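What the coordinates show
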Amino acid sequence: MAKILDLQAEVRTQSGTGAVKRMRKAGTIPAALYGRKVKPASIQVHGKTFSKLLEGSASDNILVSLKIGAEEQLALVQEVQHDYLRGGILHIDFHAVAADEEIHANVPVAIVGEAKGQKQGGLVEAIHHEIEVRCLPKDLPESIQIDVTSLEVGKGIHVREINFPEGVTCHLGGDVVIVMCEEPKVEVEPEPTAAAAAPAAGAKPAAGAAAAAPAAGAKPAAGAKPAAAAAAAAKPAAKK
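Residues numbered from 1 in each chain as written. Predicted model: local features only at pLDDT ≥ 70, side-chain atom pairs only at ≥ 80, totals over all residues. Heavy atoms only, no water.

Okay, the overall build of the chain next. Each helix and strand counted, the chain has five helices and 13 strands in total. Evaluated residue by residue, the chain yields a buried proportion of 29% over its 240 residues. At a minimum sequence separation of 6, the contacts of the chain that also span at least 24 residues come to 66%. Accessible area for the chain stands at about 16700 Å²; split by element, carbon and sulfur atoms hold 53% of it. (Helix = DSSP H or I, 4+ residues; strand = E, 2+ residues; numbered from the N terminus. Buried < 20%, exposed > 50% of the residue type's maximum accessible area, 1.4 Å probe, protein only. Contact = heavy atoms within 4.5 Å. Areas by Shrake-Rupley, 256 points an atom, 1.4 Å probe, with all protein chains shown as cover.)

Our next topic: the environment of Q44. Here Q44 lies in strand β3 (residues 41–46). Exposure remark for Q44: the relative accessible area of 16% places this residue in the buried category. When sequence neighbours within four positions are dropped, the list of residues in contact with Q44 reads A9, E10, R12, M23, T28, I29 and A31.

With that settled, consider the packing of aromatic side chains. Geometry of an aromatic ring pair is reported as the spacing of the ring centres plus the angle between the planes. This model, assessed by the stated rule, comprises one aromatic pair. Ring geometry for F50 against F94: centres 6.2 Å apart, planes inclined by 85 degrees, an arrangement best described as edge-to-face. With F50 in helix α2 (residues 47–55) and F94 in strand β6 (residues 89–96), this pair connects stretches of sequence that are 44 residues apart. For F50, a relative accessible area of 0% translates into the label buried. (Phe/Tyr/Trp six-rings, centres within 6.5 Å; stacked < 30°, edge-to-face > 60°.)

Chain-level pLDDT for the chain is 82 on average; 77% of the residues reach the 70-or-more range. Within the chain, helix α5 (residues 227–234) has the poorest average pLDDT of any element, 48, and strand β11 (residues 156–158) the best, 96. Below pLDDT 50 for its whole length, residues 209–213 participates in zero contacts with residues either more than four positions away or in separate chains. Under a pLDDT of 50 for its full length, residues 227–234 has, in the predicted model, one contact with residues more than four places off or in other chains. (pLDDT = per-residue confidence, 0-100.)

A word on the sheet that holds β11. With antiparallel pairing, the three strands of this open sheet are ordered in space as β8-β13-β11. Each end of this open sheet is capped by a strand with a single partner; those strands are β8 (123–126) and β11. The average undirected angle you get between the axes of adjacent strands in this sheet is 15 degrees. Judged from the four bridges that link them, β8 and strand β13 (residues 177–182) form a sheet pairing that is antiparallel. (Pairing = 2+ DSSP bridges. Axes fitted to C-alpha atoms, helices over the stretch in contact; angles between N-to-C directions.)

Structure, rendered in structure tokens:
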């Protein structure tokens with residue numbers, strides 16, 4: 001189950017581009033807190049503290065207990081905006097939740113074990129890399145583990161076959177395939193066609209190539225000289 005992490009926050013009293021730049025330069029990250037039963041608030045958190053919290057989490061679903069002054073609010077990290085050019089975090093959205101109300105979240109799929117089909121050359125592939133679930137905040141899993149040990153080539157694991165943690169239900173239908181063991185792909189080299197193997201019509205033999213000998217018993221064409229006579233005629237006459 002996802003751990004609830006403590007995070008100190010402060011109410012943000014200044015706004016505007018200049019104030020945000022000064023805030024980031026001082027090492028704090030601007031953030032927003034909103035939810036169905038809370039009043040939207042502009043807050044700020046310590047940059048290094050939140051970055052360590054983000055790096056140490058095994059899941060994208062991070063539950064935090066925001067401590068704002070004397071108040072405490074359970075919240076889900078909804079979105080983190082990164083500065084991909086300069087590095088660092090630009091802004092954070094926190095979604096306030098109640099401990100006794102179900103939340104919806106996309107939880108990553110974790111494939112466990114080696115499938116039977118893999119030993120036969122098959123390839124295990126996740127059709128859905130995330131599964132949308134419903135549960136109380138305290139029951140939110142870091143991942144949905146799927147054991148593929150008995151999975152054979154050409155078979156799949158459906159939602160109805162997955163053992164979800166207690167208190168967690170899936171938003172997808174029971175017939176949806178989550179993991180599949182694909183058949184091994186065999187690359188077949190194309191065979192040369194008859195047209196490619198035969199010489200093109202009207203093609204001349206290569207230079208220096210000997211003419212094909214006539215078949216045994218075949219008569220020479222009308223007017224054609226025997227090979228020996230043709231060779232003798234080709235020799236220059238002897239000088240007298």
